[in-house]
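Below are the chains, spelled out letter by letter.
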Amino acid sequence: MMHEVNFFFRIFKTNKNQCAGTMDRIFSKTYLVVLTVVTIVAYFGYWWLFRLDILPGLHGDEAWSGLKAFDYKLSGIGQLSGMTAYTGILQNLMAEISFHFLGIGVYQLRLPGAILNMLSMLIVVIGFLRLKAYRQLYFFTLLIGSSALLLISARVAWEVNSLTFLFISLSYLSLIEIHNASSARIFWVSLFFTAGVLGTY
């Protein structure tokens, strides 16, 4: 029995090494790296932007955020807390900026969050590429891209949906650069600290 088990693991290890070698050869070509990044961002961009004003239906908390953003536009910012004492106003600020430049509507309300989630995905992809973790990138993208919950939640204008992925991705990339002893280490440490502070706000 042990002979068969050892034989299986030898085959698995061989296939694993062959797969890793194939991935390294593929991603050694710059144009394939660029094509991969563009494809991933375009895929998620489609799901996070298509009919953004209709799907899913407008939630009550989203409507409140939009009304608060409109209030900022008329009267300015009166407090640094959101709907409750333990929530911030970042979502409302993003909506106010969007309303200022694009007009008022559900699409404009949700657009900042969708864009930030696309940016977050791009940051995570860059992180995987920096680590040369090509297989992990493949499975991560496959997991996120096949989850209806994750594809839909990024469209809803809640702080937890709009900003959580961004702060996690910035922390992730910062840790990679800090570990790699980047020449801009102070910048990455500061970015890691800032992401943590804003995440708790």
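Residues numbered from 1 in each chain as written. Predicted model: local features only at pLDDT ≥ 70, side-chain atom pairs only at ≥ 80, totals over all residues. Heavy atoms only, no water.

Asker: Just to check I follow, could you spell out the overall build of the protein chain for this structure?
Answerer: Scanning the protein chain for helices and strands turns up ten helices and zero strands. Shown N-terminal to C-terminal, the secondary structure of the protein chain runs as helices and strands in the order α-α-α-α-α-α-α-α-α-α. A total of 201 residues make up the protein chain; the buried ones form 35% of that total. Across the protein chain, the fraction of contacts at a sequence separation of at least 24, relative to all contacts at a separation of at least 6, is 71%. On the protein chain, roughly 12,200 Å² of surface is accessible, and the fraction owed to carbon and sulfur atoms is 72%. (Helix = DSSP H or I, 4+ residues; strand = E, 2+ residues; numbered from the N terminus. Buried < 20%, exposed > 50% of the residue type's maximum accessible area, 1.4 Å probe, protein only. Contact = heavy atoms within 4.5 Å. Areas by Shrake-Rupley, 256 points an atom, 1.4 Å probe, with all protein chains shown as cover.)

Asker: What's the story with helix α3 (residues 60–75) in this structure? I'm lost.
Answerer: Look at α3: 22 Å from first C-alpha to last across 16 residues, which is about the 22 Å you get at 1.5 Å a residue. By the burial criterion, the buried members of α3 are Glu62, Ser65, Gly66, Ala69 and Tyr72. Projection of α3 onto a plane perpendicular to its axis shows the buried side chains occupying an angular sector of 110°, all on one side. Relative to its buried face, α3 has exposed residues pointing more than 90 degrees away, namely Gly60, Leu67, Leu74 and Ser75. Packing partners of the buried residues in α3 comprise α4 (90–102) and α5 (106–131). Just downstream of α3, Gly76 is the residue with a positive phi angle, here 85°. (Expected span 1.5 Å × (residues − 1). Arc of directions from axis to C-beta.)

Asker: It is not clear to me how the side chain of Asn161 should be interpreted in this structure. Could you clarify?
Answerer: By secondary structure assignment, the location of Asn161 is in helix α8 (residues 159–162). Classification of Asn161 as buried rests on a relative accessible area of 16%. With residues near it in sequence (within four places) discarded, Asn161 still touches Asn117, Ser153 and Val156.

Asker: Can you walk me through the confidence of the model for the protein chain in this structure?
Answerer: Caution applies to low-pLDDT regions: their predicted coordinates should not be interpreted in detail. Residues of the protein chain with pLDDT of at least 70 account for 85%, and the chain-wide mean is 83. For the protein chain, helix α1 (residues 2–27) is the element with the lowest average pLDDT, namely 50, and α5 is the one with the highest, namely 93. Below pLDDT 50 for its whole length, residues 4–9 participates in zero contacts with residues either more than four positions away or in separate chains. (pLDDT = per-residue confidence, 0-100.)

Asker: Any chance you could explain the pattern of salt bridges here in plain terms?
Answerer: Side chains that differ in sign of charge can pair as their charged atoms come close. Counted according to the given criterion, the structure contains two salt bridges. Residue Glu62 is joined to Arg110 by a salt bridge in which the shortest nitrogen-to-oxygen separation is 2.8 Å. Placement of Glu62 in helix α3 and of Arg110 in helix α5 is noted, with a sequence separation of 48 residues between them. For Glu62, a relative accessible area of 0% puts it in the buried group. Residue classification places Arg110 among the buried residues on the basis of a relative accessible area of 1%. The shortest N-O distance in the salt bridge between Arg130 and Glu177 comes to 2.8 Å. Residue Arg130 is located in helix α5, and its partner Glu177 is located in helix α9 (residues 164–179); the two are separated by 47 residues in the primary sequence. (Salt bridge = Lys/Arg side-chain N within 4 Å of Asp/Glu carboxyl O.)

Asker: Even after reading the chapter, I still don't get the environment of Met118, so can you show me in this structure?
Answerer: Considering the arrangement of structural elements, one finds Met118 in helix α5. With 76 residues separating them along the chain, Met118 and Ala42 place their C-alpha atoms 8.8 Å apart. For Met118, the contacting residues outside a window of four places in its chain are Val41, Gly45, Trp48 and Leu49.

Asker: Got a minute to help me understand helix α2 (residues 30–49) in this structure?
Answerer: One turn of the α-helix equals 3.6 residues, which is why residues spaced by three or four share an orientation. Look at α2: 28 Å from first C-alpha to last across 20 residues, which is about the 28 Å you get at 1.5 Å a residue. When we look at burial in α2, the residues that qualify are Val37, Ile40, Phe44, Gly45 and Trp48. Across the axial projection of α2, the buried residues extend over an arc of 130°, all falling on one side. Packed against the buried residues of α2 are α5, α6 (134–145) and α7 (148–153). Phi turns positive one or two residues past the end of α2, at Arg51, with a value near 50°.

Asker: What should I look at first to understand the packing of aromatic side chains in this one?
Answerer: Any two aromatic rings considered together are summarised by their centre-to-centre distance and by the angle between their planes. Applying the stated criterion to the full structure yields nine aromatic pairs. Consider the rings of Tyr43 and Trp47, whose centres lie 6.4 Å apart with planes at 70°: the pair is edge-to-face. A residue pair is termed a helical-turn pair when its members lie 3 or 4 positions apart in one helix, as Tyr43 and Trp47 do in helix α2 at four residues. The class of Tyr43 is partly exposed, set by a relative accessible area of 35%. Overall, Trp47 belongs to the partly exposed group, its relative accessible area being 39%. Aromatic side chains Tyr46 and Trp47 sit 5.5 Å apart centroid to centroid with 75° between the ring planes, which places their arrangement in the edge-to-face category. A network of ring pairs unites the aromatic residues Tyr43, Phe44, Tyr46, Trp47, Trp48 and Phe50 as a single cluster. (Phe/Tyr/Trp six-rings, centres within 6.5 Å; stacked < 30°, edge-to-face > 60°.)

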